[in-house]
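Letter by letter, the chains look like this.
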Amino acid sequence: MATQTTKPDELAAPLDLLLTSATRPFVSRMMPDATWSRVGANLAKRPGALANRAGVLTRELGSIVAGTSHRVPGRGDKRFADPAWQQNPLLHRIMQAYLAAAETADGLLADAELDWRDAEKMQFVVDNIVEGLAPSNNPLISPLGWKALIDTGGLSAVRGAKAFARDMLSQPRVPAMVEPDAFAVGETVAVSKGAVVFQTSMFELIQYAPQTSKVRAVPLLMVPPVINKYYIMDIAPGRSMIEYFVGQGQQVFVISWRNPQARHRDWGFDAYGAALIEALDTVQKIAGTDSAQLFATCSGGILAAMTAAHLAEIGESDRIAGLSMGVTVLDENRAGFAAAAMSDRAAQAAIRVSSKKGYLDGRAMAEMFAWLRPTDLVWRYWVNNYVQGRRPAAFDVLFWNADTTRMTAALHRDMVLMGLRNALVTPGAVSMLGTPVDLSKVTNDAYVIGGVADHISPWQATYRSARLLGGKDNRYVLSTSGHIAALVNPPGNAKASYRTGPVDVDDPGQWLDSAQKFTDSWWPDYVDWLAERSGPEIDAPKLLGGEGFPPLGPAPGSYVMEK
């Protein structure tokens, strides 16, 4: 549902801005507060709108009872796909009454004419209440639940109860989207051949074995998010970006961040920026080059952009041959629910929570993410796991998503305060390694990727972020799918497509109208872009590592295994 007070390009909820809300219990975000009072006051000023909504709902309920209503679920609504919702007269009426009530709730929120901040907060509350009350979630009337009960002789109820107890006893307190043993890191995911060639207290640097006789001279350093493990870039074979890039003759290195503990509480922006430069130094020494390509995603993209600004400030921007960012939001203006919930008071409260522990637990953030899309990420699995008593399907991306990591207290503080001020938009409002961050001074060619259905970092926000960079030959690519599927998008998918064009207009919609559209994945386009900026082809190295950097162990390394 969407209110009339928000626009698509305002609905950015970048991963790092959820750090404030993730420190609060879910129930506290739903409880009445001043926002609820403003909703009531605004509706009280419009008695005519209230009466109209009530009248429409009453008439619709009457037609539903009489069997004359033609109300049907939305085309993409799979909750009522079972034939019983259409063929059973009682279930059909229950479904129609629910849909009518949901439409009324959404309409009342629009009638309240809230400012964007209150609208975002209340949309979160309304969405979760409405989705939670869907009759498809109710085990007493769900046709899927009754059929499973009959098919299994009652075992489905026992399995569902056990799964519910297991999930609610620990964070994230939401239905499991994948079983913990569905995949194994290093065996079924993160299996590309390589070696750890450098290790610090913060990260391991993995170099991947070349798969071609010739490789591009300039290497590619991949920077994952700081609150997820790196292997989303090396997910299952056939779907791995690293596997594909290596197969196309690119020298590939990746940072595997350590899963920090309380003793690492002081790692903030400067520590991670220094780590990026240390990794860059090592990659250049091993490859024997003066520069490297950077490919960073989500929060890793924020750090990479800030580090690139620092290098520009000290006159070393030529160390980056090209800057690529995937689903990264740098301009957080009106950044959806996350920004709406991020008052100065809320920010300071969130900082106190992580400071006390020494870190922010990634499981709390995973819970917050789930409730941002309750139909797809909570209630779908509620029905599958508890009502039907079934194991969730094995899906590699969901396995990776559940393999959460912590964020240090210092980095959490830095990210929250930066988001609160939207500091990256204003030159010098935030610093990296002692120098002011001015993204307009990042003149390296940039390749920026967004996902058309991204609910975490909507593409309009990532496009606006690309506009902050100062390069004259920047390219924006809009991929199909959402936050992760936009990146994990191997060639050969007949349903995939992408649009691309220069970052040369202010309005994302205007860019969309003029961008060229292509079928299939953006990966081959990116490889071509890299090839133009990665120097000549040279003989592939026969051994991994180099002088002073002997292989320390096989990929995926040890840090990725830490819980």
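Reading guide: rules and limits
- Residues numbered from 1 in each chain as written.
- Predicted model: local features only at pLDDT ≥ 70, side-chain atom pairs only at ≥ 80, totals over all residues.
- Heavy atoms only, no water.
- Helix = DSSP H or I, 4+ residues; strand = E, 2+ residues; numbered from the N terminus.
- Rg over C-alpha atoms; globule rule 2.2 N^0.38 Å.
- Buried < 20%, exposed > 50% of the residue type's maximum accessible area, 1.4 Å probe, protein only.
- Lys, Arg positive; Asp, Glu negative; His and termini not counted.
- Charge placed at Lys NZ, Arg CZ, Asp CG, Glu CD.
- Salt bridge = Lys/Arg side-chain N within 4 Å of Asp/Glu carboxyl O.
- Domains from an automatic or database assignment.
- Arc of directions from axis to C-beta.
- Contact = heavy atoms within 4.5 Å.
- UniProt positions renumbered as here; feature names shortened; annotations may be inferred.
- Pairing = 2+ DSSP bridges.
- Right-handed = clockwise from strand over helix to strand, strands pointing away.

Any chance you could explain the overall build of the protein chain here in plain terms?
Along the protein chain, the regular secondary structure elements total 20 helices and 17 strands. Its C-alpha atoms give the protein chain a radius of gyration of 25 Å, near enough to 24 Å, the size a compact globule of 563 residues would have. Across its three principal axes, the protein chain shows a C-alpha extent of roughly 80 × 55 × 50 Å. Scored against the burial criterion, the 563 residues of the protein chain give a buried share of 58%. With 54 positive and 57 negative side-chain charges, the protein chain shows a spacing of 7 Å between the two charge centroids.

Would you explain the pattern of salt bridges in this entry?
Pairing between side chains becomes possible if they bear opposite charge and their charged atoms approach one another. The tally for this structure, following the rule as stated, stands at 26 salt bridges. Glu-131 is the partner of Arg-79 in a salt bridge, and the nearest nitrogen-oxygen pair spans 3.0 Å. Taken together, the residues span a long stretch of sequence, with Arg-79 in the loop between α3 (47-66) and α4 (84-87) and Glu-131 in helix α6 (residues 116-132) at a distance of 52 residues. Across the pair Arg-391 and Asp-181 runs a salt bridge whose closest N-O atoms are separated by 3.6 Å. One end of the pair, Arg-391, is in the loop between α15 (374-387) and α16 (396-402); the other, Asp-181, is in the loop between α8 (155-168) and β1 (194-199), with 210 residues separating them in the sequence. One continuous salt-bridge network, built from bridges that share partners, spans Asp-445, Asp-473, Glu-532 and Arg-533.

How should I be thinking about the domain arrangement of the protein chain in this particular structure?
The accessible area lost on association of the parts is a frequent measure of interface size. As far as domains go, the protein chain holds domain 1 (46-137) and domain 2 (194-339 + 404-538). Taken over C-alpha atoms, the centre of domain 1 sits 41 Å from the centre of domain 2.

Would you mind showing me how to read helix α2 (residues 34-44) here?
Residues spaced three or four apart along an α-helix face the same direction, because each turn holds 3.6 residues. Listing the buried residues of α2 in full gives Thr-35, Val-39, Asn-42 and Leu-43. End-on, the buried residues of α2 take up no more than an arc of 95°, which puts them together on one face. Along α2, exposed side chains directed more than 90 degrees from the buried face belong to Ser-37 and Ala-44. Tucked inside the fold, the buried residues of α2 contact α3, α5 (89-111) and α6.

Teacher, can you tell me more about the UniProt feature "domain: Poly-beta-hydroxybutyrate polymerase N-terminal" (unreviewed entry) in the protein chain here?
Mapped onto the present numbering, the UniProt feature "domain: Poly-beta-hydroxybutyrate polymerase N-terminal" (unreviewed entry) falls at residues 77-244. From the first C-alpha to the last, residues 77-244 spans 35 Å; its make-up is 43% helix and 11% strand.

Before we go on, may I ask you to explain the side chain of Thr-480 in this structure?
Tracing the backbone shows Thr-480 in the loop between β13 (475-479) and β14 (497-502). Discounting residues that sit within four places of it in the chain, Thr-480 has contacts with Val-452, Ala-485, Ala-486, Asn-489, Lys-495, Ala-496 and Ser-497.

Could you clarify how one ought to interpret the pairing of strand β6 (residues 292-297) in this entry?
Strand residues, when the strand is regular, have side chains that alternate between the two faces of the sheet. With six of its six residues buried, β6 lies for the most part within the structure. Burial along β6 is two-sided: the face carrying Ala-292, Leu-294 and Ala-296 and the face carrying Gln-293, Phe-295 and Thr-297 are both buried. Both strand β4 (residues 220-223) and β6 contribute to a ladder of four bridges, which runs parallel. For Met-222, the partnering residue across the bridge sits in β6 and is Phe-295. Pairing between β6 and strand β7 (residues 320-326): six bridges, direction parallel. Note on β7: the bridge partner recorded for Leu-294 is Leu-323. Each parallel crossover has a hand, and for β6 linked through helix α11 (residues 298-313) to β7 it is right-handed.

Just checking my understanding: could you explain unusual backbone geometry for this structure?
For residues that are not glycine, phi is negative in most cases, and the peptide bond is trans in most cases. A cis amide bond links Ala-555 to the next residue, Pro-556, at an omega of 15°. Mapping Pro-556 onto the fold places it in the segment after β17 (553-554). One non-glycine residue, Asn-422, lies in positive phi territory at about 50°. For Asn-422, the position within the fold is in the loop between α17 (409-421) and β10 (431-432).

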